[in-house]
Amino acid sequence: MSFLFGGGGGGSAANPSAQIGQSEVVNSATTEIEMITDLFSKLVNSCHKKCIESNYKDSDLNKAEGVCLDRCVGKYFETSKLVTEQLQKLQQQPQ
Amino acid sequence: MDFSRFSGPERLQLNQYIQKKEMKDFMQLYSNLVQRCFEDCSNDFTSRALSTNEKTCSENCVGKFLKHSERIGARFAEQNAEMMEQQAKLR
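In this text, all values refer to a predicted model and were calculated from it rather than measured experimentally.

> Explain the overall build of chain A to me, please; I cannot follow it from the model alone.
From N to C terminus, chain A includes 2 helices and 0 strands. Counting only residues that meet the buried cut, chain A has 25% of its 95 residues in that class. A separation of at least 24 residues holds for 57% of the contacts in chain A among residues at least 6 apart in sequence. Here chain A has roughly 6300 Å² of accessible surface; of this, 55% comes from carbon and sulfur atoms.

This is the structure in structure tokens:
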């Protein structure tokens with residue numbers, strides 16, 4: 001996920017467990033896919049827990065659930081941005 | 001994902017990886033969904049078979065989950081695009 005820490009990119013360069021015959025580009029591409037799908041499944045689980053009523057009277061999302069989901073995703077991303085910024089600040093501080 | 005920046009063998013490796021991952025993710029989705037709907041819908045064990053209520057509930061649970069993840073996917077794509085744009089501006 002390149003938005004973390006301003007696109008580290010070189011993160012996988014130091015990975016000694018890189019498979020033999022697997023190029024650097026392939027490695028970083030698979031890492032990126034891994035991170036994006038991981039984020040997506042976290043979103044699905046968190047927002048389901050927070051927004052979907054568990055009585056299942058209907059198989060459609062009701063209005064409240066839909067609105068909740070939209071806001072949930074927005075908030076998740078905003079939180080992620082906030083945490084990134086805070087961590088960056090922490091990193092920049094002299095030890 | 002933009003595949004044009006990869007060489008032939010790299011593309012092959014990536015395709016194999018994606019195929020494997022799709023399979024794995026699907027199995028995971030399936031088993032999570034079974035667990036989710038079972039936990040939310042089946043709470044009465046005075047009978048072995050699913051009651052009509054439990055059946056309807058589970059069916060709705062699956063239907064709703066699929067719509068749920070579709071909606072999350074749409075918002076996710078929007079947010080991601082927005083983020084990429086902001087990053088491009090910073091560079």
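After presenting the structure, the write-up continues.
> Sorry if this is basic, but what is going on with the packing of aromatic side chains here?
Note on aromatic pairs: each is described by the distance of the centres and the angle between the planes. A full pass over the atoms with the stated rule returns 3 aromatic pairs over all chains. With a centroid separation of 5.8 Å and 65° between ring planes, the pair formed by Phe77 of chain A and Phe76 of chain B is classed as edge-to-face. Linking Phe77 of chain A in helix α2 (residues 63-92) with Phe76 of chain B in helix α2 (residues 52-90), this pair reaches from one chain into another. Assessed through its relative accessible area of 3%, Phe77 of chain A is described here as buried. These aromatic residues form a ring-pair network of at least three members: Phe40 and Phe77 of chain A together with Phe76 of chain B.

> I keep staring at helix α1 (residues 24-51) of chain A and nothing clicks. Help me out?
Residues lying three or four places apart along an α-helix face the same way, a consequence of the helix completing one turn every 3.6 residues. Look at α1 of chain A: 40 Å from first C-alpha to last across 28 residues, which is about the 40 Å you get at 1.5 Å a residue. For α1 of chain A, every residue scored as buried is listed here: Val26, Asn27, Ala29, Thr30, Ile33, Leu39, Leu43, Val44, Cys47, His48 and Cys51 of chain A.

> Honestly, the interface of chain B and chain A in this entry has me stumped. Any pointers?
Quoted interface sizes are often the accessible area lost when the parts come together. Between chain B and chain A, the contact holds 33 residues from the first and 40 residues from the second. Around 3400 Å² of area is buried between chain B and chain A when both sides are counted, 64% of it from carbon and sulfur atoms. Linking chain B with chain A are 5 salt bridges. The partner of Lys21 of chain B in a salt bridge is Glu34 of chain A, and the shortest N-O contact between them spans 3.3 Å.

> Which parts of the structure should I look at to understand the state of the cysteines?
Between two cysteines, a covalent bond joining their sulfur atoms is known as a disulfide. All names here are of chain A. Applying the stated rule across the entire model yields 4 disulfides over all chains. Paired through a disulfide, Cys51 and Cys68 show a sulfur-sulfur distance of 2.0 Å. Measuring handedness by torsion sign, the sulfur bridge of Cys51 and Cys68 sits at about -70° and is left-handed. Within this pair, whereas Cys51 is found in helix α1, its partner Cys68 is found in helix α2, the two being separated by 17 residues in sequence. With its bonded cysteines labelled in order along the sequence, chain B shows the pairing 1-4, 2-3. Along chain A, the cysteines that take part in disulfide bonds pair up as 1-4, 2-3, counted in sequence order.

> How should the nonpolar core be read in this particular structure?
Side chains of a nonpolar character, in soluble globular proteins, are inclined to be buried together. Judged by nonpolar contacts, the single largest core of 20 residues is most densely connected at Leu43, Cys47, Tyr56, Leu69 and Phe77 of chain A together with Ile72 of chain B. Those elements giving two or more residues to this core turn out to be α1 and α2 of chain A together with α1 (8-41) and α2 of chain B. When residues of this core are assigned to their parent elements, the largest contribution, 6 residues, is made by α2 of chain B.

> How should I be thinking about the packing of α1 of chain B against α2 of chain B in this particular structure?
If you want to describe how two helices pack, look at the angle between their axes and the distance between the axes. Residues and elements named next belong to chain B. Contact pair α1 / α2: the axes reach a minimum separation of 9 Å and the direction vectors enclose 135°. On the basis of the axis angle, α1 is oblique to α2. Crossing geometry of α1 relative to α2 is assigned as right-handed. Contact residues: α1 offers Leu29, Leu33, Arg36, Cys37, Asp40 and Cys41, while α2 offers Glu54, Cys57, Ser58, Cys61, Val62 and Phe65.

> Just checking my understanding: could you explain a nonpolar patch on the surface for this structure?
Side chains of Met23, Phe26, Met27, Leu29, Tyr30, Val34, Phe38 and Phe45 of chain B sit close together on the surface and give an oily, nonpolar patch of about 870 Å² of accessible area. Mapped onto the elements of the fold, Phe26 of chain B is located in helix α1.

What counts and what doesn't
Residues numbered from 1 in each chain as written. Chains lettered and ligands numbered in written order. Predicted model: local features only at pLDDT ≥ 70, side-chain atom pairs only at ≥ 80, totals over all residues. Heavy atoms only, no water. Helix = DSSP H or I, 4+ residues; strand = E, 2+ residues; numbered from the N terminus. Buried < 20%, exposed > 50% of the residue type's maximum accessible area, 1.4 Å probe, protein only. Contact = heavy atoms within 4.5 Å. Areas by Shrake-Rupley, 256 points an atom, 1.4 Å probe, with all protein chains shown as cover. Phe/Tyr/Trp six-rings, centres within 6.5 Å; stacked < 30°, edge-to-face > 60°. Expected span 1.5 Å × (residues − 1). Buried area = accessible area lost by both parts, 1.4 Å probe. Salt bridge = Lys/Arg side-chain N within 4 Å of Asp/Glu carboxyl O. Disulfide = S-S within 2.5 Å. Core = buried A, V, L, I, M, F, W, Y, C linked by side-chain atoms within 4.5 Å. Axes fitted to C-alpha atoms, helices over the stretch in contact; angles between N-to-C directions. Parallel < 35°, antiparallel > 145°, perpendicular 65-115°, else oblique. Left-handed = near helix turned anticlockwise from the far one by under 90°. Patch = residues over 30% accessible without salt bridge, like charges linked within 9 Å, V, L, I, M, F, W, Y side chains within 5 Å.

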